[in-house]
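Analysis of the macromolecular model
Here is what each chain is made of, one letter per residue.
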Amino acid sequence: MKLFDAVIKNENTLIKVQYVMFFLAVLFIPFHEIHKSMRLFILGDMFGKLSIYPIICGMFLWFIQLSSRQKFSLKNPVVMFLLIMLLWEYISLIHGLYIFPFWEKIDVSQFSHMEKIIILFSDFGITLSPLYVTKAWLVIKLLESSFINLFFTFGVSAWGYFLFRNDYMKGIDLFQKGIITGAFICIAYSVIELFYLQGNILAARLLTMVNPLLYDVASIHGWWPPVLFPGRMRSVFAEPSFLALYLAVAIPVFATMMFTKKKKYILSFFFLCFALLATKSKTAFGIFLLQIISFLIGMNKSFKYMKKLIALLLCLILFFAVYVIGMKSIASRAGIYMAEYKVVSIDKNKVVLKITNAGSQTWQQDDNIKVFGIWCKDYDKPVEHAMSMSLPYDIHPKEAFEGTFVFDNPPQGVNGIIVDLVKFENKREFWFASAGSKIFNASIDAEGNISERNNYKNKLGRYIGEMGDVFSLESGSNTSRYGIMMADLKIGMEHPFLGVGDTILKQGYVTDALPQFALESDEVNMWVQLQNKKGILKSQYPVLNELTNQFAQKGIIGVMLFLCPVFYIIRSLFRIYQKTLVTGGEQTYVIRFFFIAFFGVCVGFFSNSANALYTYWLLLGIILSISSYFDKKI
């Protein structure tokens, strides 16, 4: 206790401890989807990120530091901006609550323990109206979450700005160390993943044991995040696109180390570039190319590090070549037991399927390979084994055979079936074909009649018991993303100035605003069905474009406010470029790479939420401190 008192009374010690907390927050960025048992649910959108813990500690010490000072001005531009943002949040929210037309989509069952509270009051003779309780509780929840979300997003950036505004190089140094340490963790993990992507069953088993320790498997929409992500690298992240967003920052950071300090980082830089493309994220690849182009455009003629640049470009060319060769190898080995299914006929409870070996290895008849039929609830949640059949003969790659499956006496509550190929290593260890390809999925009615669902992609399949892990895979199609973007734009155009108030309130509008092409997507249909079944509070559409999301929630003014820091940084960058960055030198090239990393994160707004990772909010504080410093210098 005495040690704590001594720490909080010494401002220099407070700042040093905040430095440690900032470093840890950056280090923990990859762990963005922690277990529910570890989450602080009162902290809004950011509660699922491990970085939240050091951020809370750091911001607590920051407030102690501020309270120890006799004077703190609310006229500071950053403080004024936060107050304006909070004011607009509440104006938009109150307007959204006033016009909200979908109260029938919300009931007390969607609030944890609310029904028990109503029953408890009734035991004391107090009758509460479920409708009024729902409205009151939602208003309180949204007022609270709006403040908390602002505090742990823009507030975190403000903390970084005030922490480093007098020493921005310290912020750069801590951010570099945090990203580099985190990236090495990702690299070590991805080496195992590379073996899995090449069809190594031992690596797959290891990942199926470790990944559930990192995040709650299949906790969202019945399948996300999956245990394995076939064909795409994701490292410790829940999905490849998040790894890609992280690498959009990590690669420029490693480039600063290569240019200014140590050549030993070149191999790590090379691997991160490979990992970026191995995510197969089109947005990430576009960001990477834009970052290279922006660096070359901003390079002055008397570039001091020309030799290093040439070496870097040669390295990139080499890495592209290795990537093409390597991914071809991975593609040829990733789906050793991949299968594709085509319906030959369906007659009541009998299905005849043409099953093709879509992998790279012959299926040996005596190699413990079987085709399983599985009973399902909710069309895709396995209940129990229905039947199985062995291979009729050895099936070579691209060859096919016909299998007949009769599903008799469905258990109570069953309304679907799944057919999948399984390779058994022993009695309890197995390998699914769907770990790298597709499944056959159909519905079955109360009379036992089977009907094709036109859903072969393994998005939802969850196997229980010995088949208890999720080996599902999200489609690479952009249909879902464009559909949600178009819905957001339609909602925003109908409420252009104030928006509809909040991401939860927005959920009520999305289903009706979805374009027809989006409704033809299996994934979007899954989101619609889950929300209709569970309600808008327990099943929500994802944010797939931050700018359209802001437009729908808070209108055009909200979008302008959200982008205000970015506009300021762009203005500062143009002002200081000719007078400062163009002169060259080690420090200026470090700054240049950081600006490139920052704008790479901003491009990610077009494909994901700004809250997907903590990268943007932590980096924004440092970039603001750099811009502020050079603005004053000029």
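Going by the structure above, here's the rest.
Quick look at the structure, then. (Residues numbered from 1 in each chain as written. Predicted model: local features only at pLDDT ≥ 70, side-chain atom pairs only at ≥ 80, totals over all residues. Heavy atoms only, no water.)

Topic: the pattern of salt bridges
Counted according to the given criterion, the structure contains three salt bridges. Note that Lys-554 and Glu-89 form a salt bridge whose closest N and O atoms lie 3.7 Å from each other. In this pair, Lys-554 is assigned in helix α18 (residues 546–577) and Glu-89 in helix α4 (residues 77–99), connecting sequence segments 465 residues apart. Between Asp-488 and Lys-506 there is a salt bridge, with its nearest N and O atoms 3.1 Å apart. Placement of Asp-488 in helix α14 (residues 479–494) and of Lys-506 in helix α15 (residues 503–513) is noted, with a sequence separation of 18 residues between them. In terms of burial, Asp-488 and Lys-506 fall into one category: buried. (Salt bridge = Lys/Arg side-chain N within 4 Å of Asp/Glu carboxyl O. Helix = DSSP H or I, 4+ residues; strand = E, 2+ residues; numbered from the N terminus. Buried < 20%, exposed > 50% of the residue type's maximum accessible area, 1.4 Å probe, protein only.)

Thoughts on the environment of Ser-345
By secondary structure assignment, the location of Ser-345 is in strand β1 (residues 339–347). Here the alpha-carbon distance between Ser-345 and Thr-404, two residues 59 residues apart in the chain, equals 9.4 Å. Residue contacts for Ser-345: discarding those within four places in its chain leaves Lys-350, Val-351 and Val-352. (Contact = heavy atoms within 4.5 Å.)

A closer look at the nonpolar core
Residues Phe-22, Phe-175, Tyr-246, Tyr-614 and Leu-618 are the most contacted members of the largest nonpolar core, which totals 115 residues. Here this core takes 14 residues from helix α10 (residues 240–260), the largest share from any one element. Counting 30 residues, the second-largest nonpolar core is a separate cluster that includes Phe-100, Val-524, Leu-537 and Leu-544. (Core = buried A, V, L, I, M, F, W, Y, C linked by side-chain atoms within 4.5 Å.)

Thoughts on the side chain of Asp-502
Secondary-structure assignment places Asp-502 in the loop between α14 and α15. Despite its burial, Asp-502 pairs with no opposite charge; the closest candidate is Lys-554, at 6.4 Å N-O. A distance of 2.7 Å separates a polar atom in the side chain of Asp-502 from the backbone nitrogen of Ile-504. Aside from chain neighbours lying at most four places away, what touches Asp-502 is Leu-93, Leu-142, Ser-145, Ser-146 and Gln-553. (Lys, Arg positive; Asp, Glu negative; His and termini not counted. Polar contact = N/O pair within 3.5 Å; in protein donor to acceptor, adjacent residues only side chain to side chain.)

Some points on the environment of Gly-558
Inspection of the secondary structure assignment puts Gly-558 in helix α18. Sequence spacing of Gly-558 and Gly-499 is 59 residues, and the spatial spacing of their C-alpha atoms is 8.2 Å.

Digging into the sheet that holds strand β5 (residues 400–406)
Strand order in this open sheet of three strands is β1-β2-β5, and the pairing throughout is antiparallel. Each end of this open sheet is capped by a strand with a single partner; those strands are β1 and β5. On average, adjacent strands in this sheet sit at an angle of 25° to one another, irrespective of strand direction. Taken together, the seven bridges between strand β2 (residues 350–357) and β5 define a ladder with antiparallel strand orientation. Residue pairing across strands places Thr-356 opposite Ala-400, the latter belonging to β5. (Pairing = 2+ DSSP bridges. Axes fitted to C-alpha atoms, helices over the stretch in contact; angles between N-to-C directions.)

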